[in-house]
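# Structure assessment
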Amino acid sequence: MSFLEEIQKRRTFGIISHPDAGKTTLTEKLLLFGGAIQEAGAVKSNKIKKGATSDFMEIERQRGISVATSVLAFNYKDNKINILDTPGHKDFAEDTFRTLTAVDSVIVVIDVAKGVEEQTEKLVEVCRMRNIPMIVFINKLDREGRDAFDLLDEVEQKLGLKVTPLSFPIGMGYDFKGIYNIWEKNIQLFSDDSRKDIDNTIAFDDISNPELETIIGEESATTLRDNLELVYEVYPEFDQEAYLEGQLQPVFFGSALNNFGVRELLDCFVQIAPSPRAKASEERLVSPSETTFSGFVFKIHANMDPNHRNRLAFVKIVSGTFERNKPYLHVRHNKKLKFSSPNAFFAEKKEVVDISYAGDIVGLYDTGNFKIGDTLTEGEVLHFKGIPSFSPEHFRYINNADPLKSKQLEKGIDQLMDEGVAQLFTLDYNGRKVIGTVGALQYEVIQYRLEHEYGAKCSYETFPIYKACWVEEPENSKDAEFQDFLRVKQKYMARDKQGQLVFLADSAFSIEMVKQKYPSVKLHFTSEL
Ligand code: G4P
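Everything numeric here is computed off the predicted structure, so don't read it as measured data.

### Details of the overall build of the protein
Secondary structure assignment for the protein yields 14 helices and 31 strands. Each of the 529 residues in the protein was classed as buried or not, and the buried ones make up 55%. When the accessible surface of the protein is split by element, carbon and sulfur atoms take 48% of a total near 22,700 Å².

### Brief notes about the pattern of salt bridges
Two side chains of opposite charge can pair, provided their charged atoms sit close to one another. Applying the stated criterion to the full structure yields 29 salt bridges. Across the pair Lys80 and Asp360 runs a salt bridge, and its minimum N-O distance is 3.0 Å. In this pair, Lys80 is assigned in strand E3 (residues 79–84) and Asp360 in the loop between strand E21 (355–357) and strand E22 (361–366), connecting sequence segments 280 residues apart. No difference in accessibility class separates Lys80 from Asp360, as the two residues are buried. With a closest N to O distance of 3.0 Å, Glu473 and Arg495 form a salt bridge. You can see Glu473 sitting in the loop between strand E28 (467–472) and helix H13 (480–488) and its partner Arg495 sitting in strand E29 (residues 493–495), a full 22 residues away along the chain. The structure contains a network of salt bridges with shared partners spanning Glu6, Lys9, Arg10, Lys80 and Asp360.

### Let's talk about the nonpolar core
If you look at the biggest cluster of nonpolar residues, it comprises 62 residues, and the most contacted ones within it are Val106, Ile138, Phe168 and Phe253. Sort the elements by how many residues they give to this core and helix H6 (residues 148–159) lands first, with 6 residues. Among the nonpolar cores identified, the runner-up in size contains 31 residues, and Leu72, Tyr243, Leu265 and Cys268 belong to it.

### Notes on the site of the ligand
Taken together, 17 residues sit near the ligand, with Asp20, Lys23, Thr24, Thr25 and Ser255 positioned nearest. Between a nitrogen atom of the ligand and a side-chain N or O atom of Arg143, the distance comes to 3.2 Å. Within the side chain of Ser255, an N or O atom sits 2.7 Å from an oxygen atom of the ligand. Counting residues per element, the shell around the ligand draws most heavily on helix H2 (residues 23–33), which supplies 3 residues. Of the residues in the shell around the ligand, the class split is 4 nonpolar, 7 polar and 6 charged.

### Points about the environment of Asp205
By secondary structure assignment, the location of Asp205 is in the loop between strand E10 (201–203) and helix H7 (211–216). When neighbours within four sequence positions are excluded, Asp205 is seen to be in contact with Tyr180 and Lys185.

### Considerations on the sheet that holds strand E6 (residues 163–165)
Spatially, 7 strands are ordered E2-E3-E1-E4-E5-E11-E6 in an open sheet, and the strand pairing comes out mixed. Where the open sheet ends on each side, the last strands, each with one partner, are strand E2 (71–76) and E6. Along the sheet, successive strands turn relative to each other by an average axial angle of 25°, direction set aside. In this sheet, strand E5 (residues 134–139) lies alongside strand E4 (residues 105–111) in parallel orientation, the contact comprising 6 bridges.

### Re helix H5 (residues 118–129)
Because the α-helix completes a turn every 3.6 residues, residues three or four places apart line up on one side. Under the 1.5 Å per step criterion, the end-to-end length of H5 is 17 Å for 12 residues, consistent within 8% with the ideal 16 Å. Check the buried side of H5 and you find it contacts strand E1 (10–17), helix H4 (93–99), E4, E5 and H6. Asn131 lies just past H5 and shows a positive phi near 50°.

### Notes on a negative patch on the surface
On the surface, a cluster of negative charge is contributed by Glu144, Asp175, Glu218 and Glu219. Mapping Glu218 onto the fold places it in helix H8 (residues 218–234).

### As for the packing of aromatic side chains
Two numbers describe a pair of aromatic rings. These are the distance of the centres and the angle of the planes. Here the structure, examined in full by the defined rule, presents 25 aromatic pairs. Where Phe149 meets Phe168, the ring centres are 5.1 Å apart and the plane angle is 40°; that geometry is what we call tilted. Remark: Phe168 occurs in strand E7 (residues 167–170) and Phe149 occurs in helix H6; sequence separation between them is 19 residues. Taking the centre distance of 5.5 Å and the plane angle of 20° together, the rings of Phe314 and Phe345 count as stacked. A residue pair is termed long-range when its members are at least 10 positions apart, and Phe314 in strand E15 (residues 311–319) and Phe345 in strand E19 (residues 343–346) qualify at 31 residues. Over the aromatic face of Tyr443 sits the side chain of Arg396, whose NZ or CZ is 4.1 Å from the ring centroid.

### A short note on the side chain of Asp360
Taking the relative accessible area as the measure of exposure, Asp360 reaches 4% and is therefore buried. Reaching out from Asp360, the side chain makes a polar contact with the side chain of Asn82 at a distance of 3.1 Å. The contact partners of Asp360, leaving out residues within four places of it in the chain, are Arg10, Lys80, Asn82, Val315, Lys316 and Ile317.

### Section: the packing of H2 against helix H10 (residues 262–272)
Pairs of packed helices are described in terms of their axes, by the angle between the two and the distance that separates them. Running from N to C, H2 and H10 cross one another at 70°; their axes reach a closest spacing of 10 Å. With respect to each other, H2 and H10 are oriented roughly perpendicular. In this structure, H2 contributes Leu26, Lys29, Leu30 and Phe33 to the contact, and H10 contributes Val262, Arg263, Leu265 and Leu266.

### Quick look at the sheet that holds E10
If you walk across this open sheet you meet the 4 strands as E7-E8-E9-E10, and the pairing is antiparallel. Looking at strand neighbours, the two that pair on one side only are E7 and E10, the edges of this open sheet. Strand-to-strand, the axes of this sheet are offset by a mean angle of 20°, without reference to chain direction. Looking at chain direction, strand E8 (residues 178–181) and strand E9 (residues 186–189) are connected through 4 bridges and run antiparallel. For Asn181, the partnering residue across the bridge sits in E9 and is Asn186. Against the sheet, H8 makes contact with E7 and E8, and its axis sits at roughly 155° relative to E7, the strand it touches most.

Procedures and definitions
- Residues numbered from 1 in each chain as written.
- Predicted model: local features only at pLDDT ≥ 70, side-chain atom pairs only at ≥ 80, totals over all residues.
- Heavy atoms only, no water.
- Helix = DSSP H or I, 4+ residues; strand = E, 2+ residues; numbered from the N terminus.
- Buried < 20%, exposed > 50% of the residue type's maximum accessible area, 1.4 Å probe, protein only.
- Areas by Shrake-Rupley, 256 points an atom, 1.4 Å probe, with all protein chains shown as cover.
- Salt bridge = Lys/Arg side-chain N within 4 Å of Asp/Glu carboxyl O.
- Core = buried A, V, L, I, M, F, W, Y, C linked by side-chain atoms within 4.5 Å.
- Near = heavy atom within 4 Å.
- Polar contact = N/O pair within 3.5 Å; in protein donor to acceptor, adjacent residues only side chain to side chain.
- Nonpolar A, V, L, I, M, F, W, Y, C, P; charged D, E, K, R; others polar.
- Contact = heavy atoms within 4.5 Å.
- Pairing = 2+ DSSP bridges.
- Axes fitted to C-alpha atoms, helices over the stretch in contact; angles between N-to-C directions.
- Expected span 1.5 Å × (residues − 1).
- Patch = residues over 30% accessible without salt bridge, like charges linked within 9 Å, V, L, I, M, F, W, Y side chains within 5 Å.
- Lys, Arg positive; Asp, Glu negative; His and termini not counted.
- Charge placed at Lys NZ, Arg CZ, Asp CG, Glu CD.
- Phe/Tyr/Trp six-rings, centres within 6.5 Å; stacked < 30°, edge-to-face > 60°.
- Lys NZ or Arg CZ within 6 Å of the ring centre and 35° of its normal.
- Parallel < 35°, antiparallel > 145°, perpendicular 65-115°, else oblique.

Below you can see the structure in the form of structure tokens.
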């Protein structure tokens, strides 16, 4: 197979949802279709169960699972599919945001009874900002849920999407008869496991054909005809270009648990979803079909064995091929590195491979060289864009609780921040360190890991901060207004790990005050100015 064909057949995507909508179940069914696993229950959920906050063994166990399920790859109909796992737990949302920089498209799972939930809103917003192509899968049709049209309305309104259904349910819950597949023009009758019983698919392109009554009954036939008429009237026809540009989102209905509607989703997905897309770097747009290698680190996972403090850096290959033992340029360090055992992922296993292609993910063992966002190339100086930090939700001072171990503490904090566990801010006026996290759970993870992996002890102190705002420094740093702002807010001015200036605002009100009093000071809510 030629280099270009290898790239064309790759589909690298993420599944996003609010916890419990069915992401794990859907992932598992997709893997079953790919023949990558043999039985249901093989994919472990990497959910952090409620109440796990104080259970460190549970956190460690979860970390283990999330390494195993970070990338799930399988082949389906001549396509190589890479599913990038995204943690559903909101305390790890930052991790998910970063993973979204490495996907070429996403599938959004929505629970038919619950509709659009909070986590889905946040994640879809990030995808929308980046024009990532999205397919929506409305799940759990075997249960009583909301009216399909109401749900489509809600998806449009709350998520800001423009949808077009490519399948439509016939009944729901107790009365669920199946789905009409608008994309393939057929009817799929509901059964517990459609994978085994593929004969349940009946080609049916003329919906006015009276045979419909014999297949699904009179009442359902009338309702389906009415519904489809409305669908054709209200929603635009599917347009692949619009989908690829992130302007139109096709919707499928089904039940992941019953493996129903999943094959339809997958078959359409492999046809319409993009192969690896070009990625913008600060220097230029990099196309996947370029023969020289480039890639970036989007995730770092610490080793769970504290005696071997090496980590696994996940690299998305943007262009060319990644080869074992070939020297590559680590752009930030301006240093060539060779990797003797790059890991590729297959189903829930990882194995050493000689060559991987654009679109693939490789896992590289690292002893502290990498941080999230680092670029690797064959020699060109490139910096890939699109891995901003968002403002944390929680802020605490971190103190050294064992003065004899301050070096260890510093190193530990440094490495954990590189992994993206949390964000570090250093206050300008007194040099105190502040840790910002998305969820309270991270503080316990950090404390535990500092002690067990670095032999350092820390304690926290509350710091009531509302939001971190990145400050665009004016060209003329002597600017009177800017200097006045720095002076008045000096107790709240800090630097992030990259040395960018940050204003730690203690309330929404104080952000408003700054905007009014210092109109020339530009505040940003992500680190990407
Ligand atoms: P998540 O990864 O998005 O958090 O969700 P997950 O797949 O773990 O699914 C959450 C719950 O919803 C699970 O039940 C799962 O069995 C159920 N579920 C998923 N898809 C469907 C569906 O199509 N129909 C129905 N009726 N249920 C579905 P649980 O009881 O929380 O977990 P488990 O004990 O079954 O693992």
